[in-house]
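Structural features, examined
Residue-level listing of the chains:
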Amino acid sequence: VSSGHQDTRSRMMPGVTTLAPGAEAPDFALKNTSGGTLRLSDYQKACPVLLAFFRGDCPCCRLALPFVERLYRRHGRGAARFLGIVQEGRQEAAALAKEMGLMMPFVLEESPYAEASAAYGLKELPALVLLDGARKIQAVQTGFSKRGYQQMADRLAALSGKAPEALFDALA
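All figures in this text were calculated on a predicted structure; none of them were measured in a lab.

Points about the pairing of strand 8 (residues 127–131)
A large share of strand 8 lies buried, amounting to five of its five residues. Here strand 8 shows a buried face lined by A127, V129 and L131 and a second buried face lined by L128 and L130. Here five bridges tie strand 4 (residues 49–54) to strand 8, and the two strands are oriented antiparallel to one another. In the strand pairing of strand 8, F53 is matched with A127.

With respect to the confidence of the model for the chain
In low-pLDDT regions, the fine details of the predicted coordinates are not to be read closely. Looking at the chain as a whole, the pLDDT averages 86, with 87% of positions reaching at least 70. Counting interchain partners and residues more than four positions distant, the pLDDT-below-50 stretch residues 5–16 has 34 contacts.

Digging into the sheet that holds strand 3 (residues 37–39)
As a general point, the strands of a sheet are linked pairwise by backbone hydrogen bonds and lie either parallel or antiparallel. Reading across from one edge, 3-2-6-5-4-8-9 is the order of the seven strands in this open sheet, with mixed pairing throughout. The sheet is open, and its two edges are formed by strand 3 and strand 9 (137–142), each paired on a single side. If you compare each strand with its neighbour and ignore which way they point, the axes differ by 30° on average. With respect to the sheet, helix 4 (residues 90–100) is in contact with strand 4, strand 5 (81–86) and strand 6 (106–108), its orientation differing from that of strand 6 by roughly 155°.

Reading the values: rules and limits
- The residue count restarts for each chain, going from 1 along the sequence in the order it is written.
- With pLDDT at 70 or above as the cut-off, local features in this predicted model cover only qualifying residues; side-chain atom pairs require 80 or more to be listed or tallied, and sums for whole chains, interfaces and linings still use all residues.
- Hydrogen atoms and water are omitted, and side-chain values are computed over all heavy atoms in the structure.
- Think of it in three bands: residues with accessible area under 20% of the maximum for their type are buried, residues over 50% are exposed, and the middle band is partly exposed, with areas taken using a 1.4 Å probe on protein chains only.
- Helix and strand labels come from DSSP, where a helix needs a run of H or I of at least four residues and a strand needs a run of E of at least two; each type is numbered from the N terminus.
- Should DSSP find at least two bridges between two strands, the strands are taken to pair.
- The score called pLDDT rates the predictor's confidence residue by residue, from a low of 0 to a high of 100.
- We call two residues in contact when some of their heavy atoms are within 4.5 Å.
- Structural elements are reduced to axes, namely lines fitted to C-alpha atoms, with helices fitted over the stretch in contact, and the angle between N-to-C directions of any two is expressed from 0 to 180 degrees.

Structure (structure tokens):
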């Protein structure tokens with residue numbers, strides 16, 4: 001699978017382009033599942049952050065989420081932080097997390113305009129955006145491919161000071 005769910009809300013916004021590596025990551029404030037507000041700049045704490053943008057009704061996102069969760073379980077409790085950004089309401093997000101066994105933290109992008117996704121220029125889901133400790137974009141992966149996700153895993157390991165590990169049993 002090489003392409004995912006087209007995010008029509010971002011796609012319809014004129015002039016939206018995906019931010020490139022080296023750009024400063026836009027800050028955002030979104031509601032968490034408890035109803036509080038999480039601001040990226042407060043959450044980051046000068047360490048790498050992997051942002052995972054997804055929707056529960058996106059088949060490609062459902063394919064990718066177990067691998068994002070695998071990365072979270074390897075790196076998310078140490079030198080890196082993870083944040084899922086789900087384009088759904090609280091009940092739908094909670095049901096998805098339970099169904100898929102997701103432990104990574106996530107926030108809700110309930111707005112009809114998906115401002116955080118649009119700020120990053122994302123036109124396709126799932127999307128991974130890797131930030132360094134200075135909130136600079138290091139890598140962007142849209143859609144799902146084993147090779148792309150492995151490259152993201154390798155970049156995350158390097159930023160976290162860990163040895164790279166295979167994310168998949170074998171790359172075909």
